[in-house]
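# Close look at the chain arrangement
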Amino acid sequence: MSLPEKVSVTAVVDNYLDVFEPPTPLVERAVAGKLKKPLLAGHGLAFLVDITNGEDSFCLLVDTGNAFESFRHNMEALERTPTEVDGLFLSHGHPDHYGGLLGFLEWRGEPLPVYCHPDVFWPKYLMTPRGKVGPWKLERDKLEAAGVELHCNSEVQQLRQGVYLTGEIPRRTPFEGPMPGAKIIKNGEDMDDPLVDEQALVVNMGDKGLVILSTCSHPGIVNTINYAKEITGNSKVYAVIGGLHLAQVSQEVLNQTISGLKESGAELVLTGHCTGFRPNCTMNRELGSRFAVSCVGSKATLAA
Ligand SMILES: [Fe+2]
Ligand SMILES: [Fe+2]
């Protein structure tokens, strides 16, 4: 079997929504007045990723946003149905990514494969300048009660020819550090959360390069890009899509990250969710036409 020839990534839940954001050659925008109902923005992410390889097509739901209400509302507005999803990839154990998960399973009514790292089920919380936020916990029992086929992996996992979940991403760049204040409670013990549970989705489109979907980029987007190249053996990057978690980093770290994105040679850098307003503005200036901001309803289409 050959490598995927087309990948479409539709943002079902994202932090940002702007009906006037223009399309680009690789990114379509939802036209508000033509939808069944208006879209809703929310702090979180959910992507529908449609992967086509000849006659074979595969729809992977990546995360489910922060709340089922906005997730379902936007699925309906975009005229997508829960039963067209073939598998669900939960990128990491933060509630802005799994908030709609149990609701989605109930709405769908039929079990499906769910892919995640085993650490997504530990309770987690954040210590912030505004105090403690959380804890939250994704209940494994509830997923199992819904009949899901659970695939927990910490190593690379191949879902289809050319389609990979990274497993744990090695932290190698000197400038991409852990998320300040992130905590995990393991076996009753509170500790700093290294967020090893965050994995990225990587689609190898051969000569066109890699499509890298990184939802929160806690391991660092440059580490993620480097590891995607390593596991696929393909050093060409086609698109980097997702949340880059740069709002609180220093200007120096932001500059180094943008250098890494430039060096990747990606034709498209489409960022949303936790990327941050200032980093988006800087990337817009530095990456020019290769940069676009992700909005709810945005659809990136990458073809071989
Ligand atoms: Fe997030
Ligand atoms: Fe996160």
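Given the structure is predicted, the values throughout are model-derived calculations rather than measurements.

The subject of this paragraph is helix α6 (residues 251-264). An α-helical turn contains 3.6 residues, so a residue and the one three or four places further along point in the same direction. Taking 1.5 Å of rise per residue, 14 residues should cover 20 Å, and α6 covers 20 Å from first to last C-alpha, within 8% of that figure. Of all the residues in α6, the buried ones are L254, T257, I258, G260, L261 and S264. An end-on view of α6 places all buried positions within 155° of arc, on one side of the element. Looking at α6, the residues exposed on the side facing more than 90 degrees away from the buried face are Q251, E252 and E263. At the exit of α6 stands G265, carrying a positive phi of roughly 75°.

Moving on: the sheet that holds strand β17 (residues 268-272). In space, the seven strands of this open sheet follow the order β10-β11-β14-β15-β16-β17-β18, with mixed pairing throughout. The sheet is open, and its two borders are formed by β10 (157-160) and β18 (291-293), each paired with just one other strand. Each strand of the sheet is rotated relative to its neighbour by a mean of 20°, with strand direction disregarded. The strands touched by helix α5 (residues 221-232) are β11 (163-165), β14 (201-204), β15 (210-214) and β16 (237-243); relative to β15, the strand with the most contacts, the crossing angle is about 135°.

This part is about helix α3 (residues 101-108). Of all the positions in α3, only L101, F104 and L105 are classed as buried. Looking down the long axis of α3, one finds its buried residues gathered within 100° of arc, a one-sided arrangement. In the core, the buried residues of α3 are packed alongside α1 (68-77) and α2 (95-98). One or two positions beyond α3, positive phi appears at G109, with a value near 80°.

A few words now on the packing of α5 against α6. At a minimum axis separation of 9 Å, α5 and α6 run at an interaxial angle of 25°. As judged from the angle between their axes, α5 and α6 are roughly parallel. Seen from above, α5 lies across α6 with left-handed handedness. Contact residues: α5 offers I221, V222 and I225, while α6 offers T257, G260 and S264. Class assignment of the residues belonging to the contact of α5 with α6 gives a composition of three nonpolar, three polar and no charged.

A few words on the pairing of strand β3 (residues 46-53). As defined by bridge partners, strand β1 (residues 6-13) adjoins β3 across seven bridges and the pair is classed as antiparallel. Of the residues in β3, the one forming a bridge with V7 is I51. Counting the residues that bridge the hairpin from β3 to strand β4 (residues 56-62) gives two residues, and of these G54 lies at a positive phi of roughly 60°.

Turning our attention to unusual backbone geometry. Residue P135 is bonded to the preceding G134 through a cis peptide linkage, with omega at 5°. Assignment of secondary structure puts P135 in strand β8 (residues 131-136). Of note, the phi angle at S217 is positive, near 55°, even though the residue is not glycine. Within the secondary structure, S217 is located in the loop between β15 and α5. Assessed through the 29 C-beta atoms surrounding it within 10 Å, S217 is described here as buried. Of note in this structure, H245 is not a glycine but carries a positive phi near 50°. Checked against the element boundaries, H245 lands in the loop between β16 and α6. On the basis of neighbour counts, which here come to 25 C-beta atoms within 10 Å, the residue H245 falls in the buried class.

Further remarks concern the pairing of strand β13 (residues 189-192). Here four bridges tie strand β12 (residues 182-186) to β13, and the two strands are oriented antiparallel to one another. Across the sheet, the residue bridging to I184 is M191, located in β13. Hairpin geometry of β12 and β13 is characterised by an intervening segment of two residues between the two adjacent antiparallel strands and by a positive phi of about 50° at N187.

This part is about the environment of L302. Examined against the element boundaries, L302 turns out to sit in strand β19 (residues 299-303). Distance in space between the C-alpha atoms of L302 and V7 is 5.2 Å, their sequence separation being 295 residues. When residues no more than four places from it in sequence are discounted, the contact partners of L302 are V7, L26, M205, V211, Y238 and A239.

Thresholds, definitions, all that
- Residues numbered from 1 in each chain as written.
- Chains lettered and ligands numbered in written order.
- Predicted model: local features only at pLDDT ≥ 70, side-chain atom pairs only at ≥ 80, totals over all residues.
- Helix = DSSP H or I, 4+ residues; strand = E, 2+ residues; numbered from the N terminus.
- Expected span 1.5 Å × (residues − 1).
- Buried ≥ 20, exposed ≤ 12 C-beta atoms within 10 Å, placed from the backbone.
- Arc of directions from axis to C-beta.
- Pairing = 2+ DSSP bridges.
- Axes fitted to C-alpha atoms, helices over the stretch in contact; angles between N-to-C directions.
- Contact = placed C-beta atoms within 7 Å.
- Parallel < 35°, antiparallel > 145°, perpendicular 65-115°, else oblique.
- Left-handed = near helix turned anticlockwise from the far one by under 90°.
- Nonpolar A, V, L, I, M, F, W, Y, C, P; charged D, E, K, R; others polar.

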